[in-house]
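Breakdown of the fold
So you can see what is in the structure, the chains are spelled out below.
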Amino acid sequence: MAPTPRPRIDPSRLRSRLWFDNPDNPGMTALYLERYLNYGLTQAELQAGKPLIGIAQTGSDLSPCNRHHMELAKRVRDGITAAGGVAFEFPCHPIQETGKRPTAALDRNLAYLSLVEVLYGYPLDGVVLLTGCDKTMPACLMAAATVNIPAISLNVGPMLNGWSRGERTGSGTVVWKARERHAAGDIDYQQFLDIVASSAPSTGHCNTMGTASTMNALAEALGMALPGSAAIPAPYRERGQAAYATGQRIVEMVWEDLKPSDILTREAFENAIVANTAIGGSTNAPIHINAIAKLIGVPLTCDDWERVGYDIPLLVNMQPAGAYLGEEYFRAGGLPAVIAELIEAGKIHADALTCNGRTIGENCREARTWDREVIKPYSEPLRERAGFLNLKGTLFDSAIMKTSVISREFYDRYLSNPNDPYAFEGRVVVFDGPEDYHHRIDDPALDIDENTILIMRGAGPIGYPGAAEVVNMQPPGALIRRGVLSLPCIGDGRQSGTSGTPSILNASPEAAAGGGLALLQNGDRIRIDLNKRQADILLSDEELARRREDLAARGGYPYPASQTPWQAIQRAMVEQLSEGMILRGSDAFQKVAQT
Ligand code: FES
Ligand code: MG
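Predicted model, so just to flag it, every value in this text is computed and none were measured. (Residues numbered from 1 in each chain as written. Chains lettered and ligands numbered in written order. Predicted model: local features only at pLDDT ≥ 70, side-chain atom pairs only at ≥ 80, totals over all residues.)

1. Remarks on the nonpolar core
- Residues Ile-53, Val-128, Ala-275, Val-338, Ile-339 and Ile-455 are the most contacted members of the largest nonpolar core, which totals 172 residues.
- When residues in this core are grouped by element, the largest group, 9 residues, is from helix H6 (residues 136-147).
- Those residues within four positions of Val-128 in sequence are excluded, and the remaining contacts are Ile-53, Ile-55, Ala-56, Val-76, Ile-152, Leu-154, Thr-246, Gly-247 and Ile-250.
- Val-174, Ala-178, Ile-195 and Val-196 belong to the second largest nonpolar core, which has 5 residues in total. (Core = buried A, V, L, I, M, F, W, Y, C linked by C-beta atoms within 7 Å. Buried ≥ 20, exposed ≤ 12 C-beta atoms within 10 Å, placed from the backbone. Helix = DSSP H or I, 4+ residues; strand = E, 2+ residues; numbered from the N terminus. Contact = placed C-beta atoms within 7 Å.)

And the structure:
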């Protein structure tokens, strides 16, 4: 059944008319108009009732993951023009995951703020959001949620598959593997660099199911990107064609007045959570998706992630949870094929509206899977119940564990005790930030063995600042040489989506905000019980109270001084990872373009 067409708005209702064609205020109109004519635009283009469409350019030489958007934007522009719109491309604050110190996550809210100002303050009727690298989709969709003008996102696409000596090398994931071999002395520094570089063979973002592939798949699951567009590898011809179609479509979205608030509903967010489990998505997803939800006014918590997402199976066989990379995933059918499986299993709200004006059910129900090695049927998944657990206790109020990356080795060593299944206790060794870890991890005095739990604190949104991706800590070299490749890790920082370590992370509140991790001392014992979703310090209430008083008397958990004005501003305003790490109060500005 064809969807009922939405009524079209009258050109007099275009937002851009307030700037460029406002007879009530000829002085301002002339002032607004004249400078946009100076490079060749005509008065007719700006006053003929054509939608003016922004192209939010996140690519640049400083952001190589998104750099291909500098080419793709031309095809977006062609599509906008062909559909009767006028394109205005503008730069966004760069957020390169692998290039920004101290961490790209510090800049997500900065990019969000600046994009809100652009979308709100300039004559734009709609916007194409050029996304890709990890934080670019979140920053862009957060801004679209706040301003609520018609918006559509276009991913830059993953790089081609990486190969080294006949084996697939996936972005990020190969780093974690190669650094184990480097630490064990199997390969030297140059061999280490060569193996890692092999994972980046072309333009595009990470080719694993890291945070970029995850967030862009979720943009599609939310309905904010054209169906089938997220997984197309960056250099493929289909990528340019999707750019053209996206440009065409945003013009229609303006005429249909199809806004983010029409698409980003509770149902859409639940669809994204379900999809995230099925694709083996990143532990960064709850942070960013919760942030977008808050900004559009939909309540969403980490409990929702467990309730809606935990029981869903893992269907996509892609690194780090599986074996393959972006090219195979695209050829197997990409997200629409995954959604089709989930619809058949009754796990998707099929009536959720998407940016092409159709529901996600209409878009994906008939999608086929072309390679069952890469996208599994719902009835024969790679792993059952593959979602996130949300743990609580005296260590923190919320921390996420990605169960789909629990290895056989990890399960056997820590979770398989028949008298205490899915629970373990251990002695902690505590590190205060990543530098402390790097300096001391190989110190024999720490006496780290198989029963040690590594703690990373001081790595949250305030402590680091921005929250560092450092919780997946490698054991000391001596332990690795004995074959112990991973230890349980817990921390108030984040972890790269490309890492296959089952850490307990995003702990909120962080140590710097008075969370339980701040009370730990080397040698304390803690207990993790996955069945009960509990994570506790094995100390008496009196001892915990005494330590809490001590900490307060010392002025709280110490962290390094801010090095830039933005670090200081964000630290004073930022909420915790479980709350989406948004700036306090930013959710009070929903739909600013309507006011
Ligand atoms: Fe940019 Fe992975 S580093 S997408
Ligand atoms: Mg990352």
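Additional details are given in the paragraphs that follow.
2. Here's the deal with the UniProt feature "domain: Dihydroxy-acid/6-phosphogluconate dehydratase N-terminal" (unreviewed entry) in the protein chain
- The UniProt record marks residues 50-363 with the feature "domain: Dihydroxy-acid/6-phosphogluconate dehydratase N-terminal" (unreviewed entry), using the residue numbering of this structure.
- End C-alpha to end C-alpha, residues 50-363 measures 28 Å, and it is 49% helix and 9% strand. (UniProt positions renumbered as here; feature names shortened; annotations may be inferred.)

3. Here we look at the sheet that holds strand E2 (residues 86-91)
- If you trace the 4 strands from one edge of the open sheet to the other, you get E2-E1-E3-E4, paired in parallel fashion. Of all the strands in the sheet, the pair left with one neighbour each is E2 and strand E4 (151-155). Neighbouring strand axes in the sheet, compared pairwise and without regard to direction, differ in orientation by 20° on average.
- Relative to E4, helix H10 (residues 237-256) is tilted by about 175°, and along the sheet it contacts strand E1 (52-57), strand E3 (126-131) and E4. (Pairing = 2+ DSSP bridges. Axes fitted to C-alpha atoms, helices over the stretch in contact; angles between N-to-C directions.)

4. Comments concerning the UniProt feature "domain: Dihydroxy-acid/6-phosphogluconate dehydratase C-terminal" (unreviewed entry) in the protein chain
- UniProt marks residues 373-580 with the feature "domain: Dihydroxy-acid/6-phosphogluconate dehydratase C-terminal" (unreviewed entry), using the numbering shown here.
- The straight-line gap between the two end C-alpha atoms of residues 373-580 is 34 Å; of that span, 20% is helix and 20% is strand.

5. Details of the pairing of strand E10 (residues 452-457)
- Within E10, 6 of the 6 residues are buried, leaving the element largely enclosed by the surrounding structure.
- Neither face of E10 is exposed, since Thr-452, Leu-454 and Met-456 on one face and Ile-453, Ile-455 and Arg-457 on the opposite face are all buried.
- In terms of strand pairing, E10 meets strand E11 (residues 489-491) through 3 bridges, oriented parallel. Within the sheet, the bridge partner assigned to Leu-454 lies in E11 and is Cys-489.

6. Details of the packing of helix H4 (residues 69-82) against H10
- Look at H4 against H10: their axes get within 7 Å of each other, and the N-to-C directions meet at 40°. For the crossing formed where H4 meets H10, the hand is right-handed. When H4 is examined against H10, the residues Leu-72, Arg-75, Val-76, Arg-77, Asp-78, Gly-79, Ile-80 and Ala-82 are found in contact with a partner set consisting of Arg-239, Gly-240, Ala-243, Tyr-244, Ala-245, Thr-246, Gly-247, Gln-248, Ile-250 and Val-251.
- The residue makeup of the contact of H4 with H10, split by class, is 9 nonpolar, 5 polar and 4 charged. (Left-handed = near helix turned anticlockwise from the far one by under 90°. Nonpolar A, V, L, I, M, F, W, Y, C, P; charged D, E, K, R; others polar.)

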